[in-house]
Amino acid sequence: MSTSSTSATERAGERGGPNDVTLFGHWICPYSVRVSFALAQREIAHDLVDVPPTAARPKGFVVPEEFVAHSPKGEIPLVRIGTEYRADSLPILEWLEDSRSASPLLPGDAVGRARVLERATWIDREVFPPMIGVYYGTRTDAIERSSAALTAALGRMGQWLHDGSWLAGSGPTLAEAVVVPVYARLEGLAALGFTGHLDHRVADHLERCRDLSGGSAVWWTATQTDEFVHRFERYRAIVAGSTSDQPDE
Ligand SMILES: N[C@@H](CCC(=O)N[C@@H](CS)C(=O)NCC(=O)O)C(=O)O
């Protein structure tokens, strides 16, 4: 994903106004990528303040004071609109929907909205844990179990694509925002032990997502995939050489 940010002069609004939007995030964080996808897909001009996850911070990285002051758990993503802040990707995505009417990722009707949010939450609960299990896995059997669970979860998600091109409506929605970070790192996951084959509906959906403006804004380059893979290979090597099983974050 691009780490570029719009400059203050490109922003539609004045500092502190409703069009003054800043994302504190990082390309390697899948939760942050959900928000970047939504911002790009909806063409919401914003500043990006790069805050790598703790484990990915370069030596001497100084965490911005504004981030420390407003992120309740010290987690990315954090978004500021005007003078208000929100943390946690799913609440941020809903908040962005409520803050802007153009190019919505949530339907206007209550039933459609509930369906999108239910599916977005399902992906968060069922797809993300096995995905994280693949790259944080340090033992072959655990990685294989996570890989199988991720394949099964993506397969169940694929059933929503029986009747259409998108997960929860006639066009892309927040359900796509939530799953795109999984798709964008799939090659990296394969290098780290994900062996599943995608159902053809899911594979086609992945291609459609990549072609969206939001998708192309966050899709990983080969360099980003390599950095992700090397980071977790190093992590596995460290765990294999130590007595502790704990990640360093
Ligand atoms: N539930 C949160 C999870 C966010 C999260 O886990 N972010 C990680 C990075 S991917 C983080 O900031 N961890 C704290 C750290 O690295 O210090 C969300 O959906 O936004």
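All values derive from a computational prediction rather than experimental measurement.

**Here we look at the overall build of the protein chain**
Right, so step 1: Within the protein chain one finds 11 helices and 4 strands.
Right, so step 2: For 249 residues, the compact-globule estimate of 2.2 N^0.38 gives 18 Å, and the protein chain sits close to it at 18 Å.
Right, so step 3: Across its three principal axes, the protein chain shows a C-alpha extent of roughly 50 × 50 × 30 Å.
Right, so step 4: Per-residue burial over the protein chain gives 36% buried out of 249 residues.
Right, so step 5: Sequence separation of at least 24 residues holds for 71% of the intrachain contacts in the protein chain that already meet a minimum separation of 6.

**Focus on the site of the ligand**
Right, so step 1: Neighbouring the ligand are 12 residues, the closest being C29, Y31, P53, T54 and E75.
Right, so step 2: In the shell around the ligand, the residues fall into 6 nonpolar, 3 polar and 3 charged.

**Here we look at the pairing of strand β4 (residues 84–87)**
Right, so step 1: In the sheet, strand β3 (residues 78–81) pairs with β4 via 4 bridges, with the strands oriented antiparallel. Bridging from a neighbouring strand, V79 pairs with R86 of β4.
Right, so step 2: Between β3 and β4, which pair antiparallel one after the other, the connecting turn spans 2 residues, and G82 there sits at a positive phi close to 65 degrees.

**Some points on the environment of R236**
Right, so step 1: Structurally, R236 is set in helix α11 (residues 222–241).
Right, so step 2: Accessibility expressed as a C-beta count within 10 Å gives 17 for R236, which makes it partly exposed.

**Describing the environment of L167**
Right, so step 1: With respect to the helices and strands, the residue L167 is situated in the loop between α6 (140–158) and α7 (174–184).
Right, so step 2: Measuring from C-alpha to C-alpha, the distance between L167 and M157 comes to 7.9 Å, with 10 residues separating the pair along the chain.
Right, so step 3: With residues near it in sequence (within four places) discarded, L167 still touches R119, W160, L161, T173, A175 and E176.

**Quick word on the packing of helix α1 (residues 30–41) against helix α3 (residues 89–99)**
Right, so step 1: One way to put it is that α1 packs onto α3 with a least axis distance of 9 Å and a crossing angle of 10 degrees. Here α1 is positioned roughly parallel relative to α3, judged by the angle of their axes. When α1 is examined against α3, the residues Y31, R34, V35 and A38 are found in contact with a partner set consisting of S89, I92, L93 and L96.

**With respect to the domain arrangement of the protein chain**
Quite often, the size of an interface is put as the accessible area lost when its parts meet.
Right, so step 1: Annotation of the protein chain at the domain level lists domain 1 (8–99) and domain 2 (110–241).
Right, so step 2: Spacing between the C-alpha centres of domain 1 and domain 2 amounts to 22 Å.
Right, so step 3: Between domain 1 and domain 2, the residue contacts involve 13 residues of the former and 20 residues of the latter.
Right, so step 4: Elements supplying a minimum of two residues to the side of domain 1 that touches domain 2: α1 and α3.
Right, so step 5: By residue number, the principal contributor to the side of domain 1 that touches domain 2 is α1, which donates 8 residues.
Right, so step 6: Among the residues forming the side of domain 1 that touches domain 2, the class breakdown is 10 nonpolar, 2 polar and 1 charged.

**Digging into α7**
Right, so step 1: α7 sits mainly inside the fold: 11 of its 11 residues count as buried.
Right, so step 2: Turning to α7, its buried residues are L174, A175, E176, A177, V178, V179, V180, P181, V182, Y183 and A184.

**Observations regarding the packing of helix α4 (residues 110–126) against α7**
Right, so step 1: The contact between α4 and α7 brings their axes to 8 Å, and the two run at 15 degrees. For the element pair α4 / α7, the angle class is roughly parallel. You can see that α4 and α7 cross each other, and the crossing is left-handed. Two secondary-structure elements touch here, α4 through V116, R119, A120, I123 and D124 and α7 through L174, A175, V178 and V179.
Right, so step 2: For the contact of α4 with α7, a count of residues per class yields 7 nonpolar, no polar and 2 charged.

Thresholds applied
Residues numbered from 1 in each chain as written. Predicted model: local features only at pLDDT ≥ 70, side-chain atom pairs only at ≥ 80, totals over all residues. Helix = DSSP H or I, 4+ residues; strand = E, 2+ residues; numbered from the N terminus. Rg over C-alpha atoms; globule rule 2.2 N^0.38 Å. Buried ≥ 20, exposed ≤ 12 C-beta atoms within 10 Å, placed from the backbone. Contact = placed C-beta atoms within 7 Å. Near = placed C-beta within 6 Å. Nonpolar A, V, L, I, M, F, W, Y, C, P; charged D, E, K, R; others polar. Pairing = 2+ DSSP bridges. Axes fitted to C-alpha atoms, helices over the stretch in contact; angles between N-to-C directions. Parallel < 35°, antiparallel > 145°, perpendicular 65-115°, else oblique. Domains from an automatic or database assignment. Left-handed = near helix turned anticlockwise from the far one by under 90°.

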